[in-house]
Amino acid sequence: AAESGEAPASGARAALEAALCGGEVWRLGSAASSFVRTGAYGWAGSVLSHSTAVAAGTAAEMAGLLLGGLKESEPACHAALWEPLLLLLRDHGAAVSCSAAARHTLPRLVSLLEHGCHGAAPTVARALLPLVSLLPAPLFEPPASAALPPAAALLAALWRG
């Protein structure tokens, strides 16, 4: 009797996790509404903070959402983005490296800084040094064709922004 009572509960839990943390949820970062994007960043933060097992299983998908958030132009979205992004990098750095979004991280960060953080400078300023310290080292390896090494490009963008 105990086994039959546990199976539906674990099946329901798996279905709930799939619905709340499936790939579709992490694609909400491309939604037209800034309110939806802000909610997606907040949801990622909740998963990272309160459900480490679920976060570990969806870290690569979450990386796409949160690293993609670096292209945000809405200050309210930035307020919701940075804590989950730093948690993801701290706890799941390897998943970030495997994400397709990782290769866009520095160019998006440079663009964000060049544009004065789109009005979110106080939020971004608090998170910038922790972010750079948590980014995977291979992101800072200069490509052969680069005029500036990536770290120098960040500093130049910060100055221009």
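Conventions we followed
- Residues numbered from 1 in each chain as written.
- Predicted model: local features only at pLDDT ≥ 70, side-chain atom pairs only at ≥ 80, totals over all residues.
- Heavy atoms only, no water.
- Helix = DSSP H or I, 4+ residues; strand = E, 2+ residues; numbered from the N terminus.
- Buried < 20%, exposed > 50% of the residue type's maximum accessible area, 1.4 Å probe, protein only.
- Contact = heavy atoms within 4.5 Å.
- Areas by Shrake-Rupley, 256 points an atom, 1.4 Å probe, with all protein chains shown as cover.
- Polar contact = N/O pair within 3.5 Å; in protein donor to acceptor, adjacent residues only side chain to side chain.
- Core = buried A, V, L, I, M, F, W, Y, C linked by side-chain atoms within 4.5 Å.
- Axes fitted to C-alpha atoms, helices over the stretch in contact; angles between N-to-C directions.
- Parallel < 35°, antiparallel > 145°, perpendicular 65-115°, else oblique.
- Left-handed = near helix turned anticlockwise from the far one by under 90°.
- Nonpolar A, V, L, I, M, F, W, Y, C, P; charged D, E, K, R; others polar.

### Here's the deal with the overall build of the protein chain
Consideration 1: A count of helical and extended segments in the protein chain gives 9 helices and 0 strands.
Consideration 2: What you see in the protein chain, going N to C, is helices and strands ordered as α-α-α-α-α-α-α-α-α.
Consideration 3: When the 161 residues of the protein chain are sorted by exposure, 40% land in the buried category.
Consideration 4: Long-range pairs, those at least 24 residues apart, make up 67% of the contacts in the protein chain between residues at least 6 apart in sequence.
Consideration 5: In the structure as shown, the protein chain presents an accessible area of about 8600 Å², 64% of it carried by carbon and sulfur atoms.

### Quick look at the side chain of R37
Consideration 1: Positionally, R37 belongs in helix α3 (residues 34-50).
Consideration 2: The class for R37 is buried, based on a relative accessible area of 11%.
Consideration 3: Within polar-contact distance, the side chain of R37 engages the backbone oxygen of A31 at 2.9 Å.
Consideration 4: There is a polar contact of 3.1 Å between the side chain of R37 and the backbone oxygen of A32.
Consideration 5: When near neighbours in sequence (up to four residues on either side) are disregarded, R37 contacts L28, G29, A31, A32, E72, E74 and C77.

### Considerations on the nonpolar core
Consideration 1: In this structure, L66, W82 and L109 are the most contacted members of the largest nonpolar core, which totals 47 residues.
Consideration 2: For this core, the elements supplying multiple residues, two or more each, are α2 (23-26), α3, α4 (52-68), α5 (75-91), α6 (93-98), α7 (105-114), α8 (121-134) and α9 (150-160).
Consideration 3: At 9 residues, the largest contribution of residues to this core is made by α5.
Consideration 4: In this structure, L109 is in contact with L70, W82, L128, L131, V132 and L154, ignoring residues within four places of it in sequence.

### A few points about the packing of α3 against α4
Consideration 1: Two numbers describe how α3 lies on α4: the axes approach to 9 Å, and their chain directions differ by 150 degrees. Judged on the interaxial angle alone, α4 and α3 are roughly antiparallel. Relative to α4, the crossing made by α3 is left-handed. For the pair formed by α3 and α4, the contact residues are A40, Y41, A44, V47, L48 and H50 on the first element and T52, V54, A55, M62, L65 and L66 on the second.
Consideration 2: For the contact of α3 with α4, the class distribution of residues is 10 nonpolar, 2 polar and no charged.

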